[in-house]
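# Results of the structural survey
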Amino acid sequence: MSDPYDVITMGRIGVDLYPLQAGVPLAEVTAFGKFLGGSASNVAVAAARLGRRVAVVTRTGEDPFGEYLHGALREFGVDDRWVSAVAGLPTPVTFCEIFPPDDFPLYFYRLPKAPDLEIYEGELDLDAIAAARIFWMTGTGLCAEPSRTATLAALAARSEGVTVFDLDWRPMFWADPAQARPHYEAALAHATVAVGNLDEVEIATGVREPRAAARALLDAGVELAVVKQGPGGVLAMNRAGEAAQVPPLPVEVLNGLGAGDAFGGALCHGLLAGWELERIMRYANAAGAIVASRLECSSAMPFAGEVALAVASGAVT
């Protein structure tokens, strides 16, 4: 087998169609930009932009949008060998509205079913997943079969390295929030890192207060819990008893979508570099802030020099 990947992500992919006009309702928008999207794919792009060897496990439709996504992944330096097409299902499309600083409604078109939920256990390269320095999976991958079984099989294949569970709670993908908890608990038992915002940690643990939620995630089996609090910054706690509470970087928000994925790619980069906890959080915060200052998601992911500059200056300029 070739050298292990720094990061393998598994989960959503799709086409983001973002308005090129801010403050305009979707019904009145007249111009859109087309971008690669989907949280797991965006995290892969973010890590690749920071110099990491990255691949993504996902599926597209057998259509021109699927072809576009393959080309976009390769252009961003993400290995697409485990991205396959599903006949009869369209590649998902996502629209958003842009009302800075904090209102960005999303409209997912993933019917009759998203191809990225048609990942089968038997199609996985479990040896490569087991060998990856970081494996990143998402809560959305647990919302339907066969993706759920495949995701849990990938987790079970891991015996070393860092395994990140991006809690990634999207209520529109679940019939009932209560259905999610058992599957989240099963994934947490295999993960070494859990990452989520306040809504997501509440779904996973039943607890919303940040420190209590972080402790609940640690009790569920992970070694590092990362709780994102928006304007409240980010809290990280590990099993060794260390904690880092880092405020957000000042930024003029254009589009907050994708900031969390930039945070995720930078988190992977910092973990691979072996940095101490507070440095990782400051770096990841800066990467997220940079993307929040830009319109798009995937193509907005920053390079290492841009993140270093934001960290040094204490703001996104």
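None of the values given here were measured: they were computed from a predicted structure.

### Side note on the overall build of the protein chain
Helix and strand content of the protein chain: ten helices and 14 strands. Expected size for 317 residues packed as a compact globule is a radius of gyration near 20 Å; at 18 Å, the protein chain falls within 12% of this value. C-alpha atoms of the protein chain, sized along the principal axes, occupy 50 × 45 × 40 Å. Going through the 317 residues of the protein chain one by one, you find that 57% of them count as buried. By sequence separation, contacts in the protein chain at least 24 residues apart represent 69% of the contacts at least 6 residues apart. Accessible area for the protein chain stands at about 12,500 Å²; split by element, carbon and sulfur atoms hold 53% of it.

### Quick notes on the nonpolar core
Nonpolar side chains in soluble globular proteins tend to be buried together. Val 78, Val 226 and Met 281 are the most contacted members of the largest nonpolar core, which has 56 residues in total. Broken down by element, this core gets its largest block of residues, ten residues, from helix H9 (residues 277-292). If sequence neighbours within four positions are ignored, Val 78 has contacts with Ala 44, Val 45, Ala 48, Val 54, Ala 55, Val 56 and Leu 73. Judged by nonpolar contacts, the second largest core, of 44 residues, contains Val 57, Ile 119, Ala 150 and Val 222.

### Details of the layout of surface pockets
What the second largest pocket holds in volume is close to 170 Å³. Every residue lining the second largest pocket is listed: Phe 108, Arg 110, Leu 111, Pro 112, Lys 113, Ala 114, Leu 117, Cys 143, Ala 144, Met 172 and Phe 173. For the lining of the second largest pocket, the class distribution of residues is nine nonpolar, no polar and two charged.

### Remarks on the environment of Gly 61
By the secondary structure assignment, Gly 61 is in strand E4 (residues 54-61). The contacts of Gly 61, once residues within four sequence positions are left out, are Gly 66, Ala 85, Val 86, Leu 89, Pro 90, Thr 91 and Pro 115.

What counts as what
One numbering rule holds for all chains: residues counted from 1, following each sequence as written. With pLDDT at 70 or above as the cut-off, local features in this predicted model cover only qualifying residues; side-chain atom pairs require 80 or more to be listed or tallied, and sums for whole chains, interfaces and linings still use all residues. Heavy atoms throughout the structure, all of them, feed into the side-chain values; hydrogens and water do not. Strands here mean DSSP runs of E at least two residues long; helices mean DSSP runs of H or I at least four residues long; both are numbered from the N terminus. C-alpha atoms define the radius of gyration, and 2.2 Å times the number of residues to the power 0.38 defines the globule rule. We call a residue buried when its accessible area falls under 20% of the maximum for its residue type, exposed when it is over 50%, and partly exposed in between, using a 1.4 Å probe and counting protein chains only. In what follows, a contact means two residues having at least one pair of non-hydrogen atoms within 4.5 Å. Note that accessible areas follow from Shrake-Rupley with a 1.4 Å probe, and for residues the cover is restricted to the protein chains shown. Buried residues of nine kinds, namely Ala, Val, Leu, Ile, Met, Phe, Trp, Tyr and Cys, make up a nonpolar core once their side-chain atoms join them within 4.5 Å. Both cavities and pockets are sets of points on a 1 Å grid over the protein atoms alone; in a cavity a 1.4 Å probe fits but cannot get out, in a pocket the set is open with protein on both sides within 12 Å along at least five of seven lines, and lining residues sit with an atom within 4 Å of a point. Grid points are joined across faces, edges and corners, and a volume is the space filled by probe spheres set on the points. In this classification, the charged set is Asp, Glu, Lys and Arg, the nonpolar set is Ala, Val, Leu, Ile, Met, Phe, Trp, Tyr, Cys and Pro, and all remaining amino acids, among them Gly, are polar.

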